[in-house]
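The chain contents come next:
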Amino acid sequence: AQSVAQPEDQVNVAEGNPLTVKCTYSVSGNPYLFWYVQYPNRGLQFLLKYITGDNLVKGSYGFEAEFNKSQTSFHLKKPSALVSDSALYFCAVRVLTGGFKTIFGAGTRLFVKA
Amino acid sequence: GAGVSQSPRYKVAKRGQDVALRCDPISGHVSLFWYQQALGQGPEFLTYFQNEAQLDKSGLPSDRFFAERPEGSVSTLKIQRTQQEDSAVYLCASSYRGSGNTIYFGEGSWLTVV
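Analysis parameters
Residues numbered from 1 in each chain as written. Chains lettered and ligands numbered in written order. Predicted model: local features only at pLDDT ≥ 70, side-chain atom pairs only at ≥ 80, totals over all residues. Heavy atoms only, no water. Helix = DSSP H or I, 4+ residues; strand = E, 2+ residues; numbered from the N terminus. Rg over C-alpha atoms; globule rule 2.2 N^0.38 Å. Buried < 20%, exposed > 50% of the residue type's maximum accessible area, 1.4 Å probe, protein only. Contact = heavy atoms within 4.5 Å. Lys, Arg positive; Asp, Glu negative; His and termini not counted. Charge placed at Lys NZ, Arg CZ, Asp CG, Glu CD. Phe/Tyr/Trp six-rings, centres within 6.5 Å; stacked < 30°, edge-to-face > 60°. Core = buried A, V, L, I, M, F, W, Y, C linked by side-chain atoms within 4.5 Å. Salt bridge = Lys/Arg side-chain N within 4 Å of Asp/Glu carboxyl O. Polar contact = N/O pair within 3.5 Å; in protein donor to acceptor, adjacent residues only side chain to side chain. Pairing = 2+ DSSP bridges.

A. Representation of the overall build of chain A within the structure. In terms of helices and strands, chain A carries zero helices and 12 strands. Tracing chain A from N to C terminus, the helices and strands come up as β-β-β-β-β-β-β-β-β-β-β-β. For 114 residues, the compact-globule estimate of 2.2 N^0.38 gives 13 Å, and the C-alpha radius of gyration of chain A, at 14 Å, lies within 12% of that figure. Considered along the principal axes of its C-alpha atoms, chain A spans approximately 45 × 30 × 20 Å. For chain A, with 114 residues in total, the buried portion stands at 46%. Sequence-distant contacts in chain A: of pairs separated by 6 or more residues, those separated by 24 or more amount to 53%. With 11 positive and 7 negative side-chain charges, chain A shows a separation of 7 Å between the mean positions of the two kinds.

B. Quick look at the packing of aromatic side chains. Under the defined criterion, the tally for this structure stands at 15 aromatic pairs over all chains. Ring centres of A:Tyr36 and A:Phe46 lie 5.9 Å apart, and the angle between their planes is 70°; this geometry places the pair in the edge-to-face category. Taken together, the residues span a long stretch of sequence, with A:Tyr36 in strand 5 (residues 32-38) and A:Phe46 in strand 6 (residues 44-50) at a distance of 10 residues. Judged by centre distance (5.7 Å) and plane angle (55°), the rings of B:Tyr35 and B:Phe105 are tilted. With B:Tyr35 in strand 4 (residues 31-37) and B:Phe105 in strand 10 (residues 104-105), this residue pair connects regions lying 70 residues apart in the sequence. With a relative accessible area of 0%, B:Tyr35 lands in the buried category. The buried category is assigned to B:Phe105, whose relative accessible area is 10%. Members of the aromatic cluster, each reached through a chain of ring pairs, are A:Tyr36, A:Phe46, A:Phe104, B:Tyr35, B:Phe45, B:Tyr104 and B:Phe105.

C. Fine view of the nonpolar core. Counting residues in hydrophobic clusters, the biggest one holds 28 residues, and the most contacted among them are A:Trp35, A:Leu47, A:Leu48, A:Phe74, A:Leu76 and A:Tyr89. Of all elements in the fold, only strand 2 (10-14), strand 3 (19-21), strand 5, strand 6, strand 8 (64-68), strand 9 (73-78), strand 10 (87-97) and strand 12 (108-113) of chain A reach the threshold of two or more residues within this core. Ranked by size, the runner-up nonpolar core spans 20 residues in total, among them B:Leu21, B:Cys23, B:Trp34 and B:Ala67.

D. Focus on the pattern of salt bridges. Enumeration according to the criterion identifies seven salt bridges over all chains in this entry. Across the salt bridge formed by A:Asp85 and A:Lys78, the nearest N and O atoms sit 2.8 Å from each other. Residue classification places A:Lys78 among the buried positions, given a relative accessible area of 7%. With its nearest N and O atoms 3.9 Å apart, the salt bridge here joins B:Arg22 to B:Asp24. According to the relative accessible area criterion, B:Arg22 is partly exposed, its value standing at 39%.

E. Here's a closer look at the side chain of B:Gln37. With respect to the element layout, B:Gln37 can be found in strand 4. Judged by relative accessible area, B:Gln37 falls into the buried class, the value being 6%. Engagement of the side chain of B:Gln37 in a polar contact is seen with the side chain of A:Gln38, the distance being 2.9 Å.

F. Quick peek at the pairing of strand 6 of chain A. Residue and element names in this part refer to chain A. Here six bridges tie strand 5 to strand 6, and the two strands are oriented antiparallel to one another. Looking across to strand 6, one finds that Phe 34 is bridged to Lys 49. Count of turn residues in the strand 5/strand 6 antiparallel hairpin: five residues, of which Asn 41 carries a positive phi of about 60°.

G. Inspection of the pairing of strand 4 of chain B at higher detail. Residue and element names in this part refer to chain B. Taking burial as the measure, the seven residues of strand 4 include seven buried ones, the bulk of the element. Every second residue of strand 4 is oriented toward a common face, with Ser 31, Phe 33, Tyr 35 and Gln 37 on one face and Leu 32, Trp 34 and Gln 36 on the other, all of them buried. Bridging between strand 4 and strand 5 (residues 44-50) involves six bridges; their strand directions are antiparallel. Residue pairing in the sheet places Gln 36 in a bridge with Glu 44 of strand 5. Connecting the antiparallel pair strand 4 and strand 5 is a turn made up of six residues, with Gly 40 showing a positive phi of about 75°. In terms of strand pairing, strand 4 meets strand 9 (residues 88-95) through seven bridges, oriented antiparallel.

Pasting the structure below:
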C-alpha cells in the first residue's frame, strides 16, 4: 500500500537549535514528496517538494528536506529554530492513480521554546 | 483571486440537515481536490477533478457525499442528511495540470453537526 508515516506526534526544540521532523514513505515508482505547515485555524501552506534532482531540497522560511531513497525518508530540517516555527507539519506523497492524489501523514506538532 | 477561496468558513448544521460547501480555485488551475481533516489529524483525500471531470471519488465516505464542478472552475461539496461524524474541516486545494505540480489549499470550511 502506498503511504506516508510521521513517527513522532510531537517534537520539542529550543529556539536557536537545529530541528528535524521525520517522514518515511512507501510508494511504487519514483516518489513525489511534499512538506506542508499548518498554523492554528488555517489551511495548509506549502513548504517544499522533491520531484527529481538534488536530494537536498530548500524551501520557504529557511526549511530544507533531504530525500534518501535507500531509507525511503524525507526528513524536514532547519539549522536554527524560531519560536514562530511552532506549528503542525505534514509530510505528503503524490500517488499516481489515473489522475493523481496526495496522501498526507498524520502530522507532527513542533514546539519551539524560547 | 490570488488564492483558493472557500465558503462558508464556519457552518453549524443540525443533524439530518443538508449542507453545501463552495470552493473557488486559483485562476487557471485545472485540478481541484477536496480533503476532510478531523481535529488533530492529517487531511484525508475525498475526491479529485480535472476540469469538470471527476477522475477519482474513492475517498468519499458514503453516498451522502457528493461533489461537482460543472463548468470546470468553482466546485461544490454537498453532504446530505449530515451526521455528527461528518464534523470536520473540509479543505479544498487546486493546482495546474501535471503530477509534479504543487497543490495549494484554501483556509477550509469548518463544519460542526449538532
